[in-house]
Amino acid sequence: MTLALYVPRASAVHRLPAGLKLLCLAVLAVALFALPTITAAGAALAGVLAVGLLVARLPVAVLARQARAVRWWLLALLVVHALTTDLLTGAHVALRLLTLVLAAAVVTATTRVSEMVAVVETVCAPLRLVGVRPARVGLAITLALRFIPVLTERADRIRAAQAARGGSPRGVRALRTTIAPLLVQVLQMAHDVSEALDARGADVEPPRAAWRRS
Amino acid sequence: MRFRRPGAVAAGTDTADPGRGLELRGVGHRYGDRVVLEGIDVTLTEPRVGVIGANGSGKSTFARLLNGLVVPDQGQVLVDGLDTRTQVRAVRRRVGFVFQDPDAQIVHPTVAEDVGYGLENQGVPADERAARVAEVLARHGLAGHADHPAHLLSGGQKQLLAIAGVLVMRPARIVFDEPTTLLDLVNARRVGDLIAGLEQQVVVVTHQLDLLHDFDRVLVVDGGRVVEDAGPGPAVAAYRTLMADR
């Protein structure tokens, strides 16, 4: 699985603060609904593509991948609206969603995870008053992004091992037989990662003494 | 992202004595009813120390004792005179730890961000952090991968990244827990050469016996005890004899 979110480039968009980019994304989302015309949505899409491809110099494939990921949703919106309202309204709604998805992709591809997490930590700072630690929220997001591809790879490995021994790689049964060993691996990995976090100075609790090790 | 623990010992304010090395005094440890280590009394001051033993012999627990990842049930572990039980944060600033599986050690999605993680925890300013990360990546052939997704690196590159993430923190000592087990011959040799060139004191737990040929001291752990403590030649010979009798 490829979860290569950030695309390094020396562009003005890359240099913008992550908070500002997220703010622009939010403003765009509001504006798309505040200006309910298909022309406005088309202009916004053209603007997003111009910023992403010409200013940020992102590869077309990066945006195309995100568009592909939502193509069935877009089609469903188009069809539902064609049946219940009219095709033009469907095209407008689909265009609006596509614009937002691509805008989010531009922000993601031009912003390092650490910068994004720093914004989340800043936004979460007031939650300290109710006992939430912003650093923990940020760490949780970072770890989730880091381990999605790792766990996907582990699941693929388990499926391959089962297929090598005659198991079916597809179907509900395969899903069931994958989940249990994957869960065991996830728990073991969670322990290993917590040790690594401790070793790299993120220790928040006294070290555990009871864990089986050879 | 930084976690602060109340009462933690800040760098530079501890009372460490670097000449004392790693001291294990009457150390014993058990998991439930199973005794994994007992009666360990060693002081490690040599620059290169190897630890070998069969699976389940207790050597990984031994390694984890050295930077406070495991606190002994009995006895005391001292790093430059600092007790791992009470001064764990100061201990971990002095002792880096490299795990067998780099996938578990790499916690950030991209290479440079991951290398900078430990420095962030130490409160190193952003400018200095960026300079140190760039320097360590360049030194270990990862400069061109700074913004590369970590999960797309090869196994050897991942292990180099894991080591870079420790080296950037400039610990005085580094513990390696089977650092070459998951690597092919070329990458194992590369990591072995890297370890050999380190200026820090290193303690290497390994099954790869040729990694230890120029080490100063090798401990053989068996049944939770240090059964041989000698130079690499005699220690490896004793280990082979021990295993041949099984």
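Residues numbered from 1 in each chain as written. Chains lettered and ligands numbered in written order. Predicted model: local features only at pLDDT ≥ 70, side-chain atom pairs only at ≥ 80, totals over all residues.

Trainee: Sorry if this is basic, but what is going on with the overall build of chain B here?
Mentor: Per the secondary structure count, chain B includes eight helices and 10 strands. Relative to its length of 246 residues, chain B is compact, with a C-alpha radius of gyration of 18 Å against a globular reference of 18 Å. The dimensions of chain B, computed from C-alpha atoms along their principal axes, are 55 × 45 × 35 Å. Put simply, 69% of the contacts in chain B that link residues at least 6 apart link residues at least 24 apart. (Helix = DSSP H or I, 4+ residues; strand = E, 2+ residues; numbered from the N terminus. Rg over C-alpha atoms; globule rule 2.2 N^0.38 Å. Contact = placed C-beta atoms within 7 Å.)

Trainee: Just checking my understanding: could you explain the overall build of chain A for this structure?
Mentor: Per the secondary structure count, chain A includes nine helices and zero strands. N-terminal to C-terminal, the α/β element order of chain A is α-α-α-α-α-α-α-α-α. Each principal axis of the C-alpha atoms in chain A carries an extent, and together these give about 65 × 50 × 35 Å. Counting across all 214 residues of chain A, residues that qualify as buried make up 25%. (Buried ≥ 20, exposed ≤ 12 C-beta atoms within 10 Å, placed from the backbone.)

Trainee: How do you make sense of the interface of chain B and chain A when you look at a structure like this?
Mentor: One frequent convention defines the size of an interface as the accessible area lost when the parts assemble. Residue-level contacts link 44 residues of chain B with 38 residues of chain A. For the side of chain B that touches chain A, the elements supplying multiple residues, two or more each, are α1 (59–65), α2 (88–94), α3 (102–105) and α4 (111–121) of chain B. Tallying contributions element by element places α4 of chain B first for the side of chain B that touches chain A, with four residues. Taken together, the residues of the side of chain B that touches chain A sort by class into 18 nonpolar, 16 polar and 10 charged. (Nonpolar A, V, L, I, M, F, W, Y, C, P; charged D, E, K, R; others polar.)

Trainee: Any chance you could explain the nonpolar core here in plain terms?
Mentor: The nonpolar side chains of a soluble globular protein tend to be buried, and buried together. Counting residues in each nonpolar core, the largest one holds 76 residues, and the members touching the most others are Val-51 and Ala-164 of chain B. The leading source of residues in this core is helix α6 (residues 155–167) of chain B, at seven residues. Excluding its chain neighbours within four sequence positions, the residues that come into contact with Ala-164 of chain B are Val-115, Val-136, Leu-137, His-140 and Leu-142 of chain B. Formed by 25 residues, the second largest nonpolar core is a distinct cluster that contains Val-7, Val-13, Leu-102 and Val-106 of chain A. (Core = buried A, V, L, I, M, F, W, Y, C linked by C-beta atoms within 7 Å.)

Trainee: Sorry, what's going on with the domain arrangement of chain A here?
Mentor: Under the domain assignment, chain A is made up of domain 1 (12–111) and domain 2 (131–199). Here the C-alpha centroids of domain 1 of chain A and domain 2 of chain A sit 32 Å apart. (Domains from an automatic or database assignment.)

Trainee: What should I look at first to understand the packing of helix α2 (residues 18–34) of chain A against helix α6 (residues 87–109) of chain A in this one?
Mentor: For any two helices packed against each other, the geometry is given by the interaxial angle and the distance between the axes. Residue and element names in this part refer to chain A. Following both chains from N to C, one finds α2 and α6 inclined at 175°, their axes separated by 10 Å at the closest point. As the angle between them shows, α2 and α6 are arranged roughly antiparallel. Packed against α2, whose contacting residues are Lys-21, Leu-22, Leu-25, Leu-28, Ala-29 and Leu-32, the element α6 presents Arg-96, Thr-99, Leu-100, Ala-103, Ala-104 and Val-107 at the interface. Considering only residue class, the contact of α2 with α6 consists of nine nonpolar, one polar and two charged. (Axes fitted to C-alpha atoms, helices over the stretch in contact; angles between N-to-C directions. Parallel < 35°, antiparallel > 145°, perpendicular 65-115°, else oblique.)

Trainee: Would you mind showing me how to read the sheet that holds strand β1 (residues 22–31) of chain B here?
Mentor: By way of backbone hydrogen bonds, the strands of a sheet pair with one another, either parallel or antiparallel. Residue and element names in this part refer to chain B. An order of β2-β1-β4-β5 is seen for the four strands of this open sheet, with the pairing classed as antiparallel. Edge positions in the sheet fall to β2 (34–44) and β5 (82–83), since each has one partner strand and no second. Where strand β4 (residues 74–79) and β5 come together, two bridges link them in antiparallel fashion. For Val-79, the partnering residue across the bridge sits in β5 and is Leu-82. (Pairing = 2+ DSSP bridges.)

Trainee: Just checking my understanding: could you explain the confidence of the model for chain A for this structure?
Mentor: When pLDDT is low, close inspection of the predicted coordinates is not appropriate. Put simply, chain A has an average pLDDT of 86, and 92% of its residues get 70 or more. Within the model, the stretch residues 204–214 of chain A combines pLDDT values under 50 with 24 contacts to residues more than four positions away or in other chains. (pLDDT = per-residue confidence, 0-100.)

Trainee: Looking at this structure, how should I read the pairing of β2 of chain B?
Mentor: Strand residues, when the strand is regular, have side chains that alternate between the two faces of the sheet. Residues and elements named next belong to chain B. Pairing of β1 with β2, which is carried by seven bridges, proceeds in the antiparallel orientation. Considered in β2, the bridge of Tyr-31 is made with Arg-34. What sits between β1 and β2 in their antiparallel hairpin is a turn of two residues, with Gly-32 showing a positive phi close to 65°.

Trainee: When you look at the confidence of the model for chain B in this model, what are you seeing that I'm missing?
Mentor: Residue and element names in this part refer to chain B. Looking at chain B, pLDDT values average 90 and 94% of them are 70 or higher. Considering only residues more than four positions removed or in separate chains, one finds that residues 1–12, a stretch of pLDDT under 50, has 23 contacts. Predicted as a complex, the structure gets a pTM of 0.78 and an ipTM equal to 0.74.

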